[in-house]
Number of protein chains: 2
Amino acid sequence: MAADGTALPAKGRSRIQERNRTRILDAALDVFSAHGFRGATLDQIAERAGMSKPNILYYFDGKEAIHVALLGALMETWIAPLRALGQTAEPKAALMDYIHAKLEMSRTMPRESRLFANEILQGAPRMGPHLESELKPLFDEKCALIRGWVSTRRIAPIDAEHFLMTIWAVTQHYADFEAQIDTLVPRDAHWARARRHVDAVFAPMLEPGAD
Amino acid sequence: MAADGTALPAKGRSRIQERNRTRILDAALDVFSAHGFRGATLDQIAERAGMSKPNILYYFDGKEAIHVALLGALMETWIAPLRALGQTAEPKAALMDYIHAKLEMSRTMPRESRLFANEILQGAPRMGPHLESELKPLFDEKCALIRGWVSTRRIAPIDAEHFLMTIWAVTQHYADFEAQIDTLVPRDAHWARARRHVDAVFAPMLEPGAD
DNA sequence: TCTGTTTTTTACCATTTGGTCAAGGCACGA
DNA sequence: TCGTGCCTTGACCAAATGGTAAAAAACAGA
């Protein structure tokens, strides 16, 4: 067995293997994000993927392997905006770009957001290593970057760590708590309002005036 | 069977009944908040409560009834701060008090926060009615209150609905994503930092200067 | 077409889990 | 002391669920 959660050797995957693995992972994203790990069943995933359960177990070593593979595959996508933070624009614009990118991800990738939210909520039992090895260094690096901007007075004095977490909280909330939002606020122009709102929240925070 | 999720008549509960129901609900809060509804088992709840599984089913009609009873019992506690919003202080102080109360709840009641987060994340299958009948009217009322403050220039112009949701997002994030926070930021003085941070985030937003 | 390999399915299995039942304690008033 | 009614439990059950085995089917190369 290979190390990436597949029952097949990773080398030289055929067209059909690639296609079926993708279909399984997409179906699994549907089911895991909607019901959490324990709440999801292989039968649900199989049905969503249009395959039989044993066939799914032909491509993956088991339920847990699918979940781990999914988290691993999506981790990079998920943290890509943070990785890009500060690569191009000047500080204030860079942070606003990051915030917009995160909000856009909540809009276009709510399943991914909920997948990670479920995992973290329940203590990150299968993602602890990923967090430690991939997110932590990146997080520390960007916090240092932000602290640099603060110390050179390019942005207002903010707590870098908590500021980043606040960005996550606000933007991901739109995906993770969608069920609640749907019952509380009207759907029309929802995302345009959200966008204006986060601008109104974060942009003034960054102005180096109230130092 | 009674309507509140108990297998016993609600009238005239004995001392021991009250005590055991409380013990069961507390154990259930532990387990449901940590694993979600599907992830929790009656055996886990029974062990945590120090009772046998059939005994638990003597007090409640089933797993789902426990969950519903729990949500119902905690709903009022959970929305109490919102209910109190604007009852005493002037607008800006009232909102800051609310924010502080919510942050304090994340610190002292993380289990409750995660219980609700789990439920909402998975589409609020068992809480839809509660949301609609209890939270929605209160939410609308407080939004109107905030809009009034905005229109009379007592606070800065903000989107009332999204502002409240942002408060929830930021404060509850500290409880719901604790596992992630623990791996990313140092634990010492954590809550003091969080408190200073939310002050720095929200207080400037309310100053009616940038109109 | 023949042959070996990959893919898919049918039939099954073992465990977990929500829930039931009938019998056994246990407190308390008569 | 004896019932009587509330409380508790051991034994059990049926369904759901993760997973397996082996054979059938599809496919690729010669």
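Residues numbered from 1 in each chain as written. Chains lettered and ligands numbered in written order. Predicted model: local features only at pLDDT ≥ 70, side-chain atom pairs only at ≥ 80, totals over all residues. Heavy atoms only, no water.

By the naming in an unreviewed UniProt entry, chain A goes by TetR/AcrR family transcriptional regulator and is assigned to Roseivivax halotolerans.

## Observations regarding the protein's contact with DNA strand D
Our working rule: Whether a residue is near a molecule or strand depends on its heavy atoms: if one lies within 4 Å, it is near. Here a polar contact means two N or O atoms within 3.5 Å. Within protein one must be a hydrogen donor candidate and the other an acceptor candidate, and residues neighboring in sequence count only if both atoms are side-chain atoms. The helix count covers DSSP runs of H or I at least four residues long, the strand count covers runs of E at least two residues long, and both are numbered beginning at the N terminus. Asp, Glu, Lys and Arg are counted as charged, while Ala, Val, Leu, Ile, Met, Phe, Trp, Tyr, Cys and Pro are counted as nonpolar; the rest, among them Gly, fall into the polar class.
Around DNA strand D, a shell composed of 18 residues is seen, among which Leu 42 and Lys 63 of chain A together with Gln 17, Pro 54 and Tyr 59 of chain B lie nearest. Counting only the atoms of DNA strand D within 4 Å of the protein, the fraction contributed by sugar and phosphate is 58%. Taking Asn 20 of chain B, its side chain carries an N or O atom lying 3.0 Å from a phosphate oxygen of DNA strand D. Arg 38 of chain B places a side-chain nitrogen or oxygen 3.0 Å from a phosphate oxygen of DNA strand D. Going through the elements one at a time, α3 (53-59) of chain A together with α1 (15-39) and α3 (53-59) of chain B are the ones with two or more residues in the surface near DNA strand D. Residues of the surface near DNA strand D, tallied by class, amount to eight nonpolar, seven polar and three charged.

## Brief notes about the confidence of the model for chain A
Stated formally: What pLDDT conveys is the predictor's confidence in a given residue, as a value from 0 to 100.
With 92% of its residues at a pLDDT of 70 or more, chain A shows a mean pLDDT of 93. This complex was scored by the predictor with a pTM of 0.93 and an ipTM of 0.91.

## Some remarks on the domain arrangement of chain A
All names here are of chain A. For clarity, the cut-off: In this entry, domain limits derive from an automatic or database-based domain assignment. Contact definition: two residues touch when any of their heavy atoms are within 4.5 Å. Throughout, buried area stands for the accessible area (probe radius 1.4 Å) lost by two parts on being put together, summed over both. Take a side-chain nitrogen of Lys or Arg and a carboxyl oxygen of Asp or Glu: if they are within 4 Å of each other, that pair is a salt bridge.
Partitioning chain A into structural domains gives domain 1 (10-65) and domain 2 (72-206). Taking only C-alpha atoms into account, the centre of domain 1 sits 28 Å from that of domain 2. On the side of domain 2, seven residues touch domain 1, which itself brings eight residues to the contact. Taken together, the two surfaces of domain 1 and domain 2 that pack against each other cover about 770 Å², and 56% of this comes from carbon and sulfur. For the domain 1 face of the interface with domain 2, the top three residues by lost area are Leu 29, Ser 33 and Phe 37, together amounting to 58%. For the interface between domain 1 and domain 2, the tally reads three salt bridges. Glu 64 is paired through a salt bridge with Arg 126; the nearest N and O atoms lie 3.3 Å apart. The tally of links from domain 1 across to domain 2 stands at four residue pairs in polar contact (both at pLDDT 80 or more).

## Describing the UniProt feature "domain: HTH tetR-type" (unreviewed entry) in chain A
The line we're drawing: UniProt positions are given in the numbering used here, feature names are shortened, and annotations may be inferred rather than shown by experiment.
According to UniProt, the positions carrying the feature "domain: HTH tetR-type" (unreviewed entry) are residues 18-78 of chain A. A helix fraction of 87% and a strand fraction of 0% characterise residues 18-78 of chain A, whose end C-alpha atoms lie 22 Å from each other.

## Here's the deal with unusual backbone geometry
Put simply, the rule is: Each residue's exposure class comes from its accessible area (1.4 Å probe, protein chains only) as a fraction of the maximum for that residue type: buried when under 20%, exposed when over 50%, partly exposed otherwise.
One non-glycine residue with positive phi stands out, namely Ala 124 of chain A, at about 50°. In this structure, Ala 124 of chain A sits in the loop between α6 (110-121) and α7 (128-151). One non-glycine residue with positive phi stands out, namely Arg 153 of chain B, at about 65°. Residue Arg 153 of chain B is classed as exposed on the basis of its relative accessible area of 56%.

## Quick word on helix α4 (residues 63-84) of chain B
Residue and element names in this part refer to chain B. In plain terms, the rule: Multiplying 1.5 Å by the helix residue count minus one yields the expected span of that helix. Axes are fitted to the seven residues ending at a residue and to the seven starting at it; the angle between these axes is taken as the bend at that residue.
Relative to the 32 Å expected for 22 residues at 1.5 Å per residue, α4 spans 33 Å between its end C-alpha atoms, a close match to the ideal helical length. Along α4, the largest kink reaches about 35° and is centred on Leu 74. Positive backbone phi, at 80°, marks Gly 86, one or two positions downstream of α4.

## What about the relation of the copies chain A and chain B?
Put simply, the rule reads: The atoms used to superpose the copies are C-alpha atoms, taken from residues with pLDDT of at least 70 in both, and the fit is least squares.
Placing chain A over chain B gives an RMSD of 0.0 Å and needs a rotation angle of 180°, together with 0.0 Å of translation along the axis. The symmetry that links the two subunits is that of a two-fold axis. Of the C-alpha atoms belonging to chain A, the one lying closest to the rotation axis is found on Ala 169 of chain A, 2.7 Å away. Mapped onto chain B, 100% of the interface residues of chain A are again interface residues, and the two copies thus contact each other with one and the same surface.

## As for helix α5 (residues 91-108) of chain A
Residue and element names in this part refer to chain A. Between its first and last C-alpha, α5 extends 26 Å over 18 residues, near the 26 Å set by a 1.5 Å rise per residue. For α5, the full list of buried residues reads Pro 91, Ala 94, Leu 95, Met 96, Tyr 98, Ile 99, His 100, Lys 102, Leu 103, Met 105 and Ser 106. Those residues of α5 that are buried are in contact with α4 (63-84), α6, α7, α8 (160-176) and α10 (190-206).

## Topic: the interface of chain A and chain B
Residue-level contacts link 46 residues of chain A with 46 residues of chain B. In terms of surface lost to chain B, no three residues of chain A exceed Leu 121, His 162 and Leu 184 of chain A, which account for 17% of the buried area on that side. Taken together, the connections running from chain A to chain B amount to four salt bridges. One can count 16 residue pairs in polar contact (both at pLDDT 80 or more) joining chain A with chain B. In terms of residue count, the dominant contributor to the side of chain A that touches chain B is α8 of chain A (twelve residues).

## Quick word on the side chain of His 173 of chain A
Position of His 173 of chain A among the secondary structure elements: in helix α8. Residues contacting His 173 of chain A, with those up to four places away along its chain left out, are Trp 168, Glu 178, Gln 180 and Ile 181 of chain A together with Met 165, Trp 168 and Ala 169 of chain B.

## Thoughts on the environment of Ala 49 of chain B
All names here are of chain B. By the secondary structure assignment, Ala 49 is in helix α2 (residues 42-49). Accessibility expressed as a relative area gives 8% for Ala 49, which makes it buried. Placed 21 residues apart in sequence, Ala 49 and Ala 28 show a C-alpha to C-alpha distance of 8.1 Å. Residues in contact with Ala 49, not counting those within four places in the same chain, are Arg 23, Ile 24 and Ala 27.

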